[in-house]
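The chain contents come next:
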Amino acid sequence: MRIRTIVLIIAIVLMAGFAALNLDEFSRPSVLSLGFTTVQVPLGLVMLVLLAAVLLVFLATTLYIQSTHLLEMRQTTRALTAQRELADKAEGSRFTELRQYLEAQALSTQQRDAAQATVLAERLAQSQEALSSKIEQSGNTLAAYIGELEDRLEKRDGGSRPVLLADSSTRL
């Protein structure tokens, strides 16, 4: 319980106890003027009834305010829950869009890499082919030079071919 409620209950109990202890004084008749007439009633009981009526009005007002507040809180809670669910759905769709975008980018990157790998493989094959043809041309040129050298040596030596050079030219 709240401290205000406890203080209110204690005040009501003290008033009820005070009225019970002084019931004789509260029930003694008095002459009261109502403006247009006079009445003989116990003043204490009139005051107690008025106090009880005011207390009931304040309690009813408090209950009305609290119930209105509770209803507003429930409506606010429902609205907040609906907004939270809407935000969660929106965030989920953003994550889905992001995942789709990233997948598309990854696929695009893979396709680009595959295309570049194909181009690189073709260029490498062309380079190997060119290198092979250059090596073959170099071998042919070297064989021609060796053949020319052999011819010169044969002319100088008188027709005998050196065995060592002949074997090296046949290997190429």
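Use the structure listed above.
Before going into details, it helps to say that this report is about the structure given with it.

## Structural notes on the packing of aromatic side chains
Part 1 of the argument: For the structure shown, the criterion picks out one aromatic pair.
Part 2 of the argument: With a centroid separation of 6.0 Å and an interplanar angle of 85°, the aromatic rings of Phe18 and Phe26 are classed as edge-to-face.

## A look at the pairing of strand β2 (residues 38-42)
Part 1 of the argument: As defined by bridge partners, strand β1 (residues 29-33) adjoins β2 across five bridges and the pair is classed as antiparallel. In the strand pairing of β2, Ser33 is matched with Thr38.
Part 2 of the argument: If you look at the hairpin formed by β1 and β2, you'll find four residues sitting between the two strands, and Gly35 has a positive phi there, around 100°.

## A closer look at the pattern of salt bridges
Part 1 of the argument: The final tally for this structure, using the stated rule, is three salt bridges.
Part 2 of the argument: Put simply, Arg28 and Glu25 hold a salt bridge, and the shortest N to O gap is 2.1 Å.
Part 3 of the argument: Taking relative accessible area as the criterion, Arg28 reaches 45% and is therefore assigned partly exposed.
Part 4 of the argument: On the basis of relative accessible area, Glu25 is assigned to the partly exposed category, the value being 45%.
Part 5 of the argument: Residue Arg94 is joined to Glu91 by a salt bridge in which the shortest nitrogen-to-oxygen separation is 3.7 Å. Separated by three residues within a single helix, Arg94 and Glu91 lie in helix α3 (residues 43-157), roughly one turn from each other.

## What about a nonpolar patch on the surface?
Part 1 of the argument: On the surface, a cluster of nonpolar side chains totalling about 330 Å² of accessible area is made up of Leu8, Ile12, Leu56 and Leu59.
Part 2 of the argument: Taken together, the elements giving at least two residues each to the nonpolar patch come down to α1 (3-21) and α3.
Part 3 of the argument: Along the chain, the position of Leu56 falls in helix α3.
Part 4 of the argument: Of the residues examined, Leu56 reaches a relative accessible area of 57% and is grouped as exposed.

## A closer look at α3
Owing to its 3.6 residues per turn, the α-helix brings residues three or four apart onto one side.
Part 1 of the argument: For α3, spanning 115 residues, the distance from its first C-alpha to its last is 163 Å, which sits close to the expected 171 Å at 1.5 Å a residue.
Part 2 of the argument: Taken together, the buried positions of α3 are Gly44, Ile146 and Glu150.
Part 3 of the argument: Immediately beyond the C-terminal end of α3, within one or two residues, lies Gly158, with a positive phi of roughly 95°.

## Concerning the environment of Leu98
Part 1 of the argument: Structurally, the position occupied by Leu98 is in helix α3.
Part 2 of the argument: Considering only alpha carbons, one finds Leu98 and Ile6, 92 residues apart in sequence, at a separation of 57 Å.

## With respect to the environment of Ala20
Part 1 of the argument: Along the polypeptide, Ala20 turns up in helix α1.
Part 2 of the argument: Note: C-alpha distance between Ala20 and Leu120 (100 residues apart in sequence) is 108 Å.

Calculation rules
Residues numbered from 1 in each chain as written. Predicted model: local features only at pLDDT ≥ 70, side-chain atom pairs only at ≥ 80, totals over all residues. Heavy atoms only, no water. Phe/Tyr/Trp six-rings, centres within 6.5 Å; stacked < 30°, edge-to-face > 60°. Pairing = 2+ DSSP bridges. Helix = DSSP H or I, 4+ residues; strand = E, 2+ residues; numbered from the N terminus. Salt bridge = Lys/Arg side-chain N within 4 Å of Asp/Glu carboxyl O. Buried < 20%, exposed > 50% of the residue type's maximum accessible area, 1.4 Å probe, protein only. Patch = residues over 30% accessible without salt bridge, like charges linked within 9 Å, V, L, I, M, F, W, Y side chains within 5 Å. Areas by Shrake-Rupley, 256 points an atom, 1.4 Å probe, with all protein chains shown as cover. Expected span 1.5 Å × (residues − 1).

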